[in-house]
Amino acid sequence: MKIIYHCFGGSHSSVLASAIHLGLIDKSRLPSMEEMMTIPYYDKTTNEDFGSIRFMGIDEFKNEVYVLGKKSMGNRYSNILLGIAEILGVRDDLISVNCMNQVNWSMKIGGFTSRRMGLDKLARPVLGSGSRNAFFSLVNLVEYTRLQCMKKVQVS
Amino acid sequence: MKIIFLGTTGVHHSLIAAYVYLQRLPDRDFKMIPGFSDIKKDDSGFPLFIDEDSLGNQVYTLGAGREVLMAQKTIGDLVNVLGFSNEDLVVKPVRIKGEQLLLMLEKISNILGGESISLLLSNYIVQKEFHRILKEVENFRLETKKLHLH
């Protein structure tokens, strides 16, 4: 199965969620900014990356995990992804996870300042604090996604 | 093969492009075309099936909102991620002047109503840009011919 976590820039919440999913980061405690910076793509994307589906890794159940930045396209983008999978006849092979509901203002301001304005040194403390505040919400989202995955596998 | 005509909406210029491609455009009065400016159909974001062409390819339209080229890139990546290729699914973006206005009209009539005004304005915009749609479809035909030849 393929799991795509998506958010505005594909740089923070979706990357953090995919790292939690893949066990790249300990989900039982809040991570430090240094730990988050070691995650591939975390606060490292450019404008060219919008719309690109980037591979993050394979989980213990052989599910492939990806991230995507979809700007302010909301849930419509999930429907586009699932619609394409449906017409290709593989609707059940795809889970699309919108991470935007877990994004707080600190992440939005920090993400914008870092990625859009290029002021990453200034932005990272704000971004780090926002990411830490959103961390356990993202853990819940990932747990829910993993349950969805298991259900789909059991059904098929 | 699946063919998707991608626009800001799936029920205006992309729909006309699909009908031109299928050579089933009955009239230059697009208001009469089934599904034209039908915002409810376009609301979900799922591809809309139009018909099959003479080769048995399934033709769809899709509304991607403001980010048509970004959606094209994502769909291309998704097709590969799902284990398919551009021989299984081809995306043709249809770009016209006023495409953002069509999207705005759709959003306004979704919130405030006024679907008949939206239909008239949409018809006017698409008619004015019809030559561009014809050119886009012609280019697409040439591209797909080349694809089949190789």
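The rules behind these values
Residues numbered from 1 in each chain as written. Chains lettered and ligands numbered in written order. Predicted model: local features only at pLDDT ≥ 70, side-chain atom pairs only at ≥ 80, totals over all residues. Heavy atoms only, no water. Pairing = 2+ DSSP bridges. Helix = DSSP H or I, 4+ residues; strand = E, 2+ residues; numbered from the N terminus. Axes fitted to C-alpha atoms, helices over the stretch in contact; angles between N-to-C directions. Contact = heavy atoms within 4.5 Å. Buried area = accessible area lost by both parts, 1.4 Å probe. Salt bridge = Lys/Arg side-chain N within 4 Å of Asp/Glu carboxyl O. Polar contact = N/O pair within 3.5 Å; in protein donor to acceptor, adjacent residues only side chain to side chain.

### Considering the sheet that holds strand β2 (residues 48–52) of chain B
Turning to step 1, where the next piece is worked out: Strands sit in the order β2-β3-β1-β4 (chain B) across an open sheet of 4 strands; the sheet is mixed. Only two strands of the sheet have a single neighbouring strand rather than two, namely β2 and β4 (89–93) of chain B. Each strand axis lies, on average, 25° off the axis of its neighbour in the sheet, ignoring direction.
Turning to step 2, where the next piece is worked out: With 6 bridges connecting them, strand β1 (residues 2–7) of chain B and strand β3 (residues 58–63) of chain B associate as parallel partners. Note on β3 of chain B: the bridge partner recorded for F5 of chain B is T61 of chain B.
Turning to step 3, where the next piece is worked out: Across the sheet, helix α3 (residues 74–87) of chain A is in contact with β1, β3 and β4 of chain B; its angle to β3 of chain B comes to roughly 175°.
Turning to step 4, where the next piece is worked out: Packed on one face of the sheet, helix α1 (residues 13–21) of chain B meets β1, β2 and β3 of chain B and runs near 145° to β1 of chain B.

### Details of the interface of chain A and chain B
Turning to step 1, where the next piece is worked out: The partner chain B presents 28 residues to the 28 residues of chain A that form the contact.
Turning to step 2, where the next piece is worked out: Carbon and sulfur atoms make up 69% of the area that chain A and chain B hide from each other, which totals about 2300 Å².
Turning to step 3, where the next piece is worked out: Sorting the residues of chain A by area buried against chain B places R76, I87 and L88 of chain A first, and these three jointly supply 29% of that buried surface.
Turning to step 4, where the next piece is worked out: Between chain A and chain B we count 2 salt bridges in total.
Turning to step 5, where the next piece is worked out: A salt bridge links R76 of chain A to D42 of chain B; its shortest N-O distance comes to 3.6 Å.
Turning to step 6, where the next piece is worked out: Counting the contacts that link chain A with chain B gives 15 residue pairs in polar contact (both at pLDDT 80 or more).
Turning to step 7, where the next piece is worked out: Counting residues per element, the ones that place at least two in the side of chain A that touches chain B are β1 (2–7), β3 (64–69) and α3 of chain A.

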